[in-house]
Amino acid sequence: MLDLLWLLLPVAAASGWYTAKWSEEKSTNNDIPNIPNEYVKGINFLVNEQPDKALEVFIRFVEVDSDTIETHVVLGNLFRQRGEVDRAIRIHQNLIARPNLDKIHRATALLELGRDYLKAGLLGRAEGLFKEVIAIGIQKKEAHQHLKELYEQERDWEKAIDNAVSLQKMKPLKQNGVIAHYYCELGGQAKQNQQLKIAEKMAKKALSYDRKCVRASILLGDLCVEKEDYQTAIKYYSNVFTQNLQYLSFVLPLLKRAHEENDDLIGYQGYLQKIHNDHHELSSILGLIESYRERGDVQNLRVLLKEELEKQDVPLSLLRKYIQYVIDNDGYGHPEVFCCIANALDHHLDAQISHQCVRCGFEVRGVFWQCPCCHGWGTIQPRIENKETALADKHYSV
Ligand SMILES: [Zn+2]
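Residues numbered from 1 in each chain as written. Predicted model: local features only at pLDDT ≥ 70, side-chain atom pairs only at ≥ 80, totals over all residues.

*Asks:* Describe in detail the environment of Y183, supporting the description with residues and values.
*Replies:* Looking at the element boundaries, Y183 is found in helix α12 (residues 176-192). A count of 27 C-beta atoms within 10 Å places Y183 in the buried class. Sequence separation between Y183 and K205 is 22 residues, and the spatial gap between their C-alpha atoms is 6.7 Å. (Helix = DSSP H or I, 4+ residues; strand = E, 2+ residues; numbered from the N terminus. Buried ≥ 20, exposed ≤ 12 C-beta atoms within 10 Å, placed from the backbone.)

*Asks:* Account for unusual backbone geometry, naming residues and giving values.
*Replies:* With a phi close to 60°, Q194 is a non-glycine residue in the positive phi region. If you trace the backbone, Q194 turns up in the loop between α12 and α13 (196-209). For Q194, a count of 9 C-beta atoms within 10 Å corresponds to the exposed category. Of note, the phi angle at E228 is positive, near 60°, even though the residue is not glycine.

*Asks:* I'd love a proper account of the packing of helix α8 (residues 103-120) against helix α10 (residues 140-154), names of residues and values included.
*Replies:* The N-to-C vectors of α8 and α10 enclose an angle of 10°; their axes lie 11 Å apart at closest approach. The angle between α8 and α10 places the two elements in the roughly parallel class. Residues L111, G114, R115 and L118 of α8 touch α10, and the partners they reach there are E142, A143, H146, E149 and L150. Tallied by class, the residues present in the contact of α8 with α10 amount to 4 nonpolar, 2 polar and 3 charged. (Axes fitted to C-alpha atoms, helices over the stretch in contact; angles between N-to-C directions. Parallel < 35°, antiparallel > 145°, perpendicular 65-115°, else oblique. Contact = placed C-beta atoms within 7 Å. Nonpolar A, V, L, I, M, F, W, Y, C, P; charged D, E, K, R; others polar.)

*Asks:* Can you tell me about helix α19 (residues 298-309), naming the residues and giving the values?
*Replies:* An α-helix turns once every 3.6 residues. As a result, residues three or four positions apart point the same way. Relative to the 16 Å expected for 12 residues at 1.5 Å per residue, α19 spans 16 Å between its end C-alpha atoms, a close match to the ideal helical length. Among the residues of α19, those classed as buried are L301, L305 and E308. Projected onto a plane normal to the axis of α19, the buried residues spread over an arc of 70° and lie on a single side. Of the exposed residues in α19, those oriented more than 90 degrees away from the buried face are Q299, V303, K306 and E307. Looking at the buried positions of α19, the neighbouring elements they touch are α18 (282-294) and α20 (316-328). (Expected span 1.5 Å × (residues − 1). Arc of directions from axis to C-beta.)

*Asks:* Please provide a residue-by-residue account of the packing of α8 against helix α9 (residues 123-136), values included.
*Replies:* Two numbers describe how α8 lies on α9: the axes approach to 8 Å, and their chain directions differ by 160°. Classified by the angle their axes make, α8 and α9 are roughly antiparallel. Considering only the axes of α8 and α9, their crossing is left-handed. Mapping the contact onto sequence places K103, R106, A107, L110, L111, L113, G114, Y117 and L118 in α8 and L123, R125, A126, L129, F130, E132, V133 and I136 in α9. (Left-handed = near helix turned anticlockwise from the far one by under 90°.)

*Asks:* An account of α13 is needed here, citing residue identities and associated values.
*Replies:* Between the first and last C-alpha of α13 there are 20 Å, a value that for 14 residues agrees with the 20 Å anticipated at 1.5 Å per step. Taken residue by residue, α13 has A199, M202, A203, A206, L207 and Y209 as its buried positions. Around the axis of α13, the buried residues are gathered within 160° of arc, so they sit on the same side.

*Asks:* Tell me about the confidence of the model for the protein, residues and numbers included.
*Replies:* Detailed reading of predicted coordinates is not advised where the pLDDT is low. Per-residue pLDDT for the protein averages 81, and the proportion of residues at 70 or more is 79%. Mean pLDDT across the secondary structure elements of the protein bottoms out at helix α22 (residues 389-394), with 39, and peaks at α13, with 97. Here residues 9-33 is modelled with pLDDT under 50, and outside its nearest four sequence neighbours on either side it reaches 17 contacts, counting other chains as well. In this model, residues 386-398 is a region of pLDDT below 50 whose contacts with residues beyond four sequence positions or in other chains number 37 contacts. (pLDDT = per-residue confidence, 0-100.)

*Asks:* Requested: an account of the environment of V367, with residues and values cited.
*Replies:* Structurally, V367 is set in the loop between β2 (363-364) and β3 (380-382). When the 23 C-beta atoms within 10 Å are taken as the criterion, V367 is described as buried. As a C-alpha pair, V367 and C357 span 10 residues in sequence and 10.0 Å in three-dimensional space.

*Asks:* So what about the sheet that holds strand β1 (residues 355-357)? Which residues, and what values?
*Replies:* Spatially, 3 strands are ordered β2-β1-β3 in an open sheet, and the strand pairing comes out antiparallel. In the strand order of this sheet, the two ends are held by β2 and β3, each with one partner. (Pairing = 2+ DSSP bridges.)

*Asks:* Help me get a handle on the nonpolar core, residues and values and all.
*Replies:* By size, the foremost hydrophobic cluster in this structure holds 87 residues, and its most contacted members are A206, Y237 and V251. At 8 residues, the largest contribution of residues to this core is made by α12. Shared between two domains, this core holds at least three residues of each, these being domain 1 (2-168) and domain 2 (176-311 + 352-394). Beyond its immediate stretch of four places on either side in the chain, Y237 contacts S217, I218, G221, V251, L254, L255 and A258. (Core = buried A, V, L, I, M, F, W, Y, C linked by C-beta atoms within 7 Å. Domains from an automatic or database assignment.)

If you want it as C-alpha cells, here you go:
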C-alpha cells in the first residue's frame, strides 16, 4: 500500500486544485462539498487494498489537458520504473492519441513511449518512435542516446555508427572512441566470416576515428596472423605500447606467439627488455622472467628475480615465478614443499579479480570491450596489482 501511495504523489499534486476548491467552497458555504465520484471511488479502492483498480480510477480522474500532461508523463514513467511497462505504455499511448497536443508535449510523450517499448524489448517500435522524435526536432539528443542503446542491443553496428555520428554533431561529448569500437565489432564479424579484407578495412576505419584504439591494432595483428604475415602482426601488436600500456598484459601473449611463429624469440625478449627499462611494467617483468627461464638463461633470471623481490609490495605473480625458479633448481632439496607453495599461490592468483571497469568499478575476469554493467566502451582494464599474462590469454576474443 505504501508503495502505491508514493506512486500516487504526482496524481495528488495534479488534483491539488480539488483541495483548494474544496477549502474555498467550505469557507463560503457550509454545505457538503461536491466531491467527484471518481475520486471517492479511487480512495475506496485504495482503502480496500485494490491498488490496480485505484490506479485505473486515478488515471481517468486526472483529465488530460495542458496542465496535467506532465503528470501523466510522470505517472507513466513511475509505472515503467516499477516494471509495469504495460501500464506505462497505455498511459503514454493515451497521451499521444489526444488531439491538439502541441509539438513539445508530443515529442515528450513519443520519447517516453519509446522508452517503454525499449524496456519491453519491442525494439522495432521503439526505434520508429525515437526517429519520429528526431524528425520533430525536439529532445533530439535524448532520442539519439536511446537509439544508441537500442542499436547496441540489436548489435546493428552500421546503424549504431550513423547514430553516433549524428550524436557527435550535436554534443560536446566525443563519440570517436565508441565509433571506433563499432567498427571493430564489424571487423570482428568480418574476420569470423573469413572476409579478411573487409575486416582490415573496418579496423583501419576504427583507427581513423580513434588512433589510440587498442582493439583495432590487435584486430589488425590477428588478421596478419591469419595470413601468416607475422612480421606485420608484430608491428601492429606493438602499436599497443604507444596506444595504452594498460593493455600490455593482454597483448604480450599475442606478441610472443607471433615472434614464436616468426622464429624470433630474441626479438620478443628485446621488446620485453625495452618496456621493462622504459616503464618497469609488471607484465614485462613476468614476461622477461618466463623468457629467461624458457631459454635456460639462469644467470639473468636470478639477477632479475633478486632485484624485483628485494622491492616492497612484491606481487603474488612474481612470488609464483620465484617459486618456479626454486622448483626448477631442485627445490633446495625439498621440491614437494615448494610445489605445495606453488599450488597455493596458483589458487590465490586464480581467485583474484583480474580486470575492473574504470568507470563504474565492475569487476570481471578477462577483457570485455564493453562493460557488462555500465555499457561503457573500452572501460574494462587490468587491475594494477594483477597483470597476469596467462589470464588475458585465456579470455581473449575480438
Ligand atoms: Zn562499467
